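Working through the structure, step by step
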Amino acid sequence: MQANSIESGMEFTAKQIAEFVEGRVEGNENASVNTFAKIEEGREGALSFLSNPKYTHYLYDTKSTIVLINEDVELEKAVSPTLIRVKNAYESVARLLQLYESMKPKKTGVDSLAFVSPTAKIGKDVYIGPFAYIGENVEIGDGTRIFPHVTIYDGTRIGQRVTIHAGAVIGADGFGFAPNTEGYEKIPQIGIVIIEDDVEIGANTCIDRSTMGQTLIHRGVKLDNLIQVGHNCEIGENTVMSAQAGMAGSTKVGAWCMVGGQAGFSGHITIADRTIVGAQSGVISNTKGNGEQLIGAPAVNPKMYFKARALDAKLPEMYRQIAALQRELDELKKKL
């Protein structure tokens, strides 16, 4: 499968796609596509995929020309699109989208509307978009992309091939104040932020500088939009966090963790490698070990959480029963 741009009108056949993703064609191997579409919004000339069983019914009426499906999907009736069976349809379409993205022209250089401090060190093939601000003594590695309105405070160190999306703020002061008789006295935040290679940071995400030392984002971390990383936090390699997650100061999250949207972490706790934290969970203490799953606020084991939620539904009836027992007890006391 040659790396020709779909946007320029180039088409790819089912045979070419199957060779690229190591799949097997069912149907017309010469069927061709020139764009992508969700299976429920399929149209002629589009490539779609099916990985979630909830969407299986769309397979029978989609207008897409080619659909990637898992090897174990059993058809209930005939389908009109050409199918390409693969081990994992989601991973296969991700590879295709990566290829598609690599075909697009890459922007490089500093936009005329950006500000870059003369003391900043900028690597090769870096893109800095309009209205971005790069402060004093910032270091940015090769191949990094910084989109519009990103603010990078002084002293921040950014590795290679990092992507920082619009509106993110890197290196603002950590939230440090000491109470006194007149209110709160600000604690100077004299540390820095270090972001290692191959990190992606979503739009409007904030990563605060440390009080002392460093706030550290390790290699391969992927942060969604609107995430707050407090001062002196550390996020381990290849951990992913969904939107609106928040970390209080000095929290350490291990490698290969998965954090759901709106999850929150108390300060000064340690999360072990490969921990899975469900959406809207509140983690208030150290985790027990690798591979632990947590849900709820405060976060607990899923089995315990769902047992507790099952009891919630019984609480009104239990309250009525206890109230009735109390009335009976009061009557017995009167008789005695």
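Below, the structure is looked at part by part. Predicted model, so just to flag it, every value in this text is computed and none were measured. (Residues numbered from 1 in each chain as written. Predicted model: local features only at pLDDT ≥ 70, side-chain atom pairs only at ≥ 80, totals over all residues. Heavy atoms only, no water.)

1. Here we look at the overall build of the protein chain
Threshold: By the criteria applied, helices consist of DSSP H or I runs no shorter than four residues and strands consist of E runs no shorter than two, each listed in order from the N terminus. Radius of gyration: over C-alpha atoms. The globule rule applied is 2.2 Å multiplied by the number of residues raised to the 0.38 power. Each residue is placed in one exposure class: buried if its accessible area under a 1.4 Å probe, protein chains only, is under 20% of its type's maximum, exposed if it is over 50%, and partly exposed if it falls in between.
Looking only at helices and strands, the protein chain features four helices and 36 strands. Radius of gyration (C-alpha) of the protein chain: 27 Å, far over the 20 Å computed for a compact globule of 336 residues. Across its three principal axes, the protein chain shows a C-alpha extent of roughly 90 × 65 × 30 Å. Put simply, the protein chain has 336 residues, and 40% of those count as buried.

2. Overview of the pairing of strand β19 (residues 177–180)
The following threshold applies: Between any two strands, pairing holds if DSSP finds at least two bridges.
Sheet topology places β19 next to strand β20 (residues 183–186); four bridges connect them, and they run antiparallel. Across the sheet, residue A178 finds its bridge partner in β20, namely E185. Connecting β19 to the antiparallel partner β20 that follows it, the hairpin turn spans two residues.

3. Examining the packing of aromatic side chains
To be explicit about the condition: Paired rings are identified among Phe, Tyr and Trp, the last through its six-membered ring, by centres lying within 6.5 Å, and are further divided according to the angle between planes into stacked (under 30 degrees), edge-to-face (over 60) and tilted (the rest). As a reminder, the over-ring test applies to NZ of lysine and CZ of arginine, requiring each to be within 6 Å of the ring centre and within 35 degrees of the ring normal.
The full count for this structure, using the stated rule, is seven aromatic pairs. Aromatic side chains F115 and Y133 sit 5.3 Å apart centroid to centroid with 15 degrees between the ring planes, which places their arrangement in the stacked category. Here the residue F115 occupies a position in strand β9 (residues 115–116), and Y133 occupies one in strand β12 (residues 133–134), the gap between them amounting to 18 residues. With centroids separated by 6.0 Å and ring planes inclined at 70 degrees, the aromatic side chains of Y127 and F147 adopt a geometry described as edge-to-face. Taken as a pair, Y127 in strand β11 (residues 127–128) and F147 in the loop between β14 (145–146) and β15 (151–152) lie far apart in primary sequence, 20 residues in all. F147 sits in the partly exposed class, given a relative accessible area of 22%. Note that R95 overlies the ring of F20, its terminal NZ or CZ placed 4.9 Å from the centroid. R309 extends its terminal NZ or CZ atom over the ring of Y305, reaching a point 4.8 Å from the ring centre.

4. Concerning helix α1 (residues 14–21)
Condition: Directions drawn from the helix axis to the C-beta atoms are what define this arc.
Every buried residue of α1 is listed here: A14, I17, A18 and V21. The buried side chains of α1 occupy one side of the element, clustering within an arc of 100 degrees when seen end-on. Where α1 terminates, the next one or two residues include E22, which has phi positive at roughly 60 degrees.

5. A few points about the nonpolar core
The criterion, for reference: Buried Ala, Val, Leu, Ile, Met, Phe, Trp, Tyr and Cys residues form a nonpolar core when they are joined through side-chain atoms within 4.5 Å. Throughout, a residue-residue contact means that at least one pair of heavy atoms, one from each residue, lies within 4.5 Å.
With 42 residues, the main nonpolar core has I152, I164, I195, M241 and F265 as its most contacted residues. Excluding residues that lie within four positions of it along the chain, I195 makes contacts with R157, I158, G159, V162, I170, I201, I207 and I217. F12, L68, V86 and L96 belong to the second largest nonpolar core, which has 17 residues in total.

6. What to know about the sheet that holds strand β7 (residues 82–86)
As a general point, the strands of a sheet are linked pairwise by backbone hydrogen bonds and lie either parallel or antiparallel. Keep this limit in mind: Throughout, an axis means a line fitted to C-alpha atoms (over the contacting stretch in the case of helices), and angles, computed between N-to-C directions, take values from 0 to 180 degrees.
Strand order in the open sheet formed by five strands is β2-β7-β6-β5-β4, with mixed pairing between adjacent strands. In this open sheet, the two strands that pair with only one neighbour each are β2 (24–26) and β4 (35–36). Sheet analysis places strand β6 (residues 66–70) next to β7, joined by five bridges and oriented parallel. The partner of I69 across the bridge, within β7, is R85. Relative to β7, α1 is tilted by about 10 degrees, and along the sheet it contacts β2, β5 (46–50), β6 and β7. Lying on the sheet, helix α2 (residues 89–103) is in contact with β4, β5, β6 and β7; it crosses β6 at an angle near 135 degrees.

7. Some words on the environment of G123
Examined against the element boundaries, G123 turns out to sit in the loop between β10 (121–122) and β11. With a relative accessible area of 26%, G123 lands in the partly exposed category. Each C-alpha atom, one on G123 and one on Q189, is 27 Å from the other, the two residues being 66 residues apart in sequence. Contacts of G123, omitting those with residues within four sequence positions, involve I140, G141 and D142.

The analysis is restricted to geometry; functional conclusions fall outside its scope.
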